[in-house]
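# Tertiary structure, described
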Amino acid sequence: MCAIEAGKRGRRVAVLERADQLGKKILISGGGRCNFTNLHCRAENFLSGNPHFAKSLLARYTPEDFIALVEKHHIPYHEKTLGQLFCDRSARDIVEMLKKECSSTGVTIFLNTKIQDVKRTTEFVVHTANAEFYAPALVVATGGLSIPKMGATAFGYELARQFGLKIREPWPALVPLVLSADDRSRYCDLTGVSAEVIASCHGQQFREKMLVTHRGLSGPAILQISSYWKKPQEIQIDLAPGIEMTKNLRDPKMPRTLTAVRSEFRKILPARLADRWLDLHAPASWTNTALADLEQQAHAWTIVPSGTEGYEKAEVTAGGVDTDELFAKTMESRKVHGLFFIGEVVDVTGQLGGFNFQWAWASGAAAGRAL
Ligand SMILES: Cc1cc2nc3c(=O)[nH]c(=O)nc-3n(C[C@H](O)[C@H](O)[C@H](O)COP(=O)(O)OP(=O)(O)OC[C@H]3O[C@@H](n4cnc5c(N)ncnc54)[C@H](O)[C@@H]3O)c2cc1C
């Protein structure tokens, strides 16, 4: 996106990509259909040391701008849920679109070109295994640490440090959570069971699906909350958002027995999860207070994860180049003239739902327009 915008302005642009093809993460994104933006993109959908940093930049390159590009290329797409836009056919459509835009704006792409180091003399000197590139401006768009088997490295952060820019310590985000050994033995044989919940932590909450995995919890609600979670905090899970589970049990005609409670919980939750959760949280008695206590626990089931599945499974890396180091309008370093950082390498991280790509497009466009 950055190269395209700079190319449109007549700049001579070289994209140096170490992989053998462009946009590998785009290709695997959104289950192969690329959730390329979100109609409801707001600054609140992003995590950053400075929550205001991205506001004006996101306003200058909006989801509508990207949709216009997608429509110009006649790419069919649909809204899946919650404003999330996906390709009808394949994520490949987005990569092909970006490639076409690059070639029509005269951008040269070098594949299999791993940057080894960068020096700055009167201009930037970029060394690869068998070439040197000289340029008055350098844009670092090397992504984060997620999915190391696809070649993710800390190169972008190292480059920032080399030029004296501060880094906000990265952490894996949008990542499944791992339960403690005790909780694993309690719940993880329910692998594959899912329920709509509200997961909350640190003042944030998300109402979406939760999924039990063989090592812990996942699903959109958990991935979302994982970005805000730090060890050893607890996470609260509302197993029945907006529903009073024990309401019928207050009816004097209704027997107050475990079988009756089970049948009430099974109306709301998958049977196996309802049964297991009740086995582990059976009320001590059948008084109104005990029922109220059960109700309260079901809406605030407290879990203390032992960790996350880490960068191997994280959809994105939070933290990164400190936004204090960059001009919010252009993404240029305040300290080093001509040095820009865009996309995931920067300390702006989107929630699940197309926000990370929207940030990548918007920050790329901002830098491209300033080059
Ligand atoms: C499984 C998965 C699914 C996802 N799905 C979605 C989704 O549906 N919607 C969404 O919004 N976000 C999604 N994301 C997140 C999104 O893919 C990223 O936030 C986005 O790709 C970041 O873009 P970027 O250009 O900053 O970095 P990247 O896309 O990671 O690109 C960085 C590029 O830099 C290259 N590079 C790194 N080091 C060097 C070097 N030394 N020399 C040369 N080249 C180098 C890499 O090879 C890579 O191609 C998903 C992520 C994953 C892992």
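Above this note sits the structure.
Presented here is an overview of the structure given in this document. (Residues numbered from 1 in each chain as written. Predicted model: local features only at pLDDT ≥ 70, side-chain atom pairs only at ≥ 80, totals over all residues. Heavy atoms only, no water.)

Glancing now at the site of the ligand. Contacts to the ligand come from 23 residues, most closely from Glu 17, Asn 35, Ile 115, Glu 344 and Phe 357. Between the ligand and Asn 35, the relevant distance is 2.9 Å, taken from a nitrogen atom to a main-chain nitrogen or oxygen of the residue. Here an oxygen atom of the ligand and a backbone polar atom of Gly 354 are 3.5 Å apart. With the chains in place, 86% of the 990 Å² that the ligand exposes on its own is no longer accessible. For the shell around the ligand, the secondary-structure elements that each account for two or more residues are α2 (24-28) and α12 (355-370). (Near = heavy atom within 4 Å. Polar contact = N/O pair within 3.5 Å; in protein donor to acceptor, adjacent residues only side chain to side chain. Areas by Shrake-Rupley, 256 points an atom, 1.4 Å probe, with all protein chains shown as cover. Helix = DSSP H or I, 4+ residues; strand = E, 2+ residues; numbered from the N terminus.)

Take the packing of helix α4 (residues 63-72) against helix α5 (residues 92-104) next. Two numbers describe a pair of packed helices, the interaxial angle and the distance between the axes. Contact pair α4 / α5: the axes reach a minimum separation of 10 Å and the direction vectors enclose 90 degrees. It follows that α4 is roughly perpendicular to α5 by the angle criterion. Contacts between α4 and α5 involve Phe 66, Leu 69, Val 70 and Lys 72 on the former and, on the latter, Ile 94, Met 97 and Glu 101. Of the residues that constitute the contact of α4 with α5, the class distribution is five nonpolar, no polar and two charged. (Axes fitted to C-alpha atoms, helices over the stretch in contact; angles between N-to-C directions. Parallel < 35°, antiparallel > 145°, perpendicular 65-115°, else oblique. Contact = heavy atoms within 4.5 Å. Nonpolar A, V, L, I, M, F, W, Y, C, P; charged D, E, K, R; others polar.)

It is worth spelling out α12 at this point. Taking 1.5 Å per residue as the helical rise, α12 with its 16 residues ought to reach 22 Å, and the 23 Å between its terminal C-alpha atoms agrees with that figure. The element α12 is extensively covered by neighbouring structure, given that twelve of its 16 residues are classed as buried. (Expected span 1.5 Å × (residues − 1). Buried < 20%, exposed > 50% of the residue type's maximum accessible area, 1.4 Å probe, protein only.)

Attention shifts here to the sheet that holds strand β8 (residues 124-128). Strands sit in the order β7-β8-β9 across an open sheet of three strands; the sheet is antiparallel. Edge positions in the sheet fall to β7 (115-120) and β9 (132-135), since each has one partner strand and no second. In this sheet, neighbouring strand axes are inclined to one another by 20 degrees on average, regardless of whether the strands run parallel or antiparallel. Relative to β8, β7 is paired through five bridges, and the arrangement is antiparallel. Across the sheet, residue Arg 120 finds its bridge partner in β8, namely Phe 124. (Pairing = 2+ DSSP bridges.)

Let's shift gears to the pairing of β9. With four bridges joining them, β8 and β9 adopt antiparallel strand pairing. Directly across from Val 126, in β9, lies its bridge partner Phe 133. Connecting β8 to the antiparallel partner β9 that follows it, the hairpin turn spans three residues.

This paragraph deals with helix α6 (residues 155-162). When we look at burial in α6, the residues that qualify are Phe 155, Gly 156, Tyr 157, Leu 159 and Ala 160. Gly 164 sits one or two positions beyond α6 and adopts a positive phi of about 80 degrees.

The next point concerns the sheet that holds strand β18 (residues 307-308). With antiparallel pairing, seven strands are arranged side by side in an open sheet as β17-β16-β13-β14-β15-β12-β18. Strand pairing shows two members of the sheet lacking a second neighbour, β17 (301-303) and β18, which therefore form its edges. Strand contacts of helix α11 (residues 288-299): β16 (235-238) and β17, with the helix running at about 115 degrees to β16, the strand carrying the most contacts.

That is the geometry; function is a separate question.
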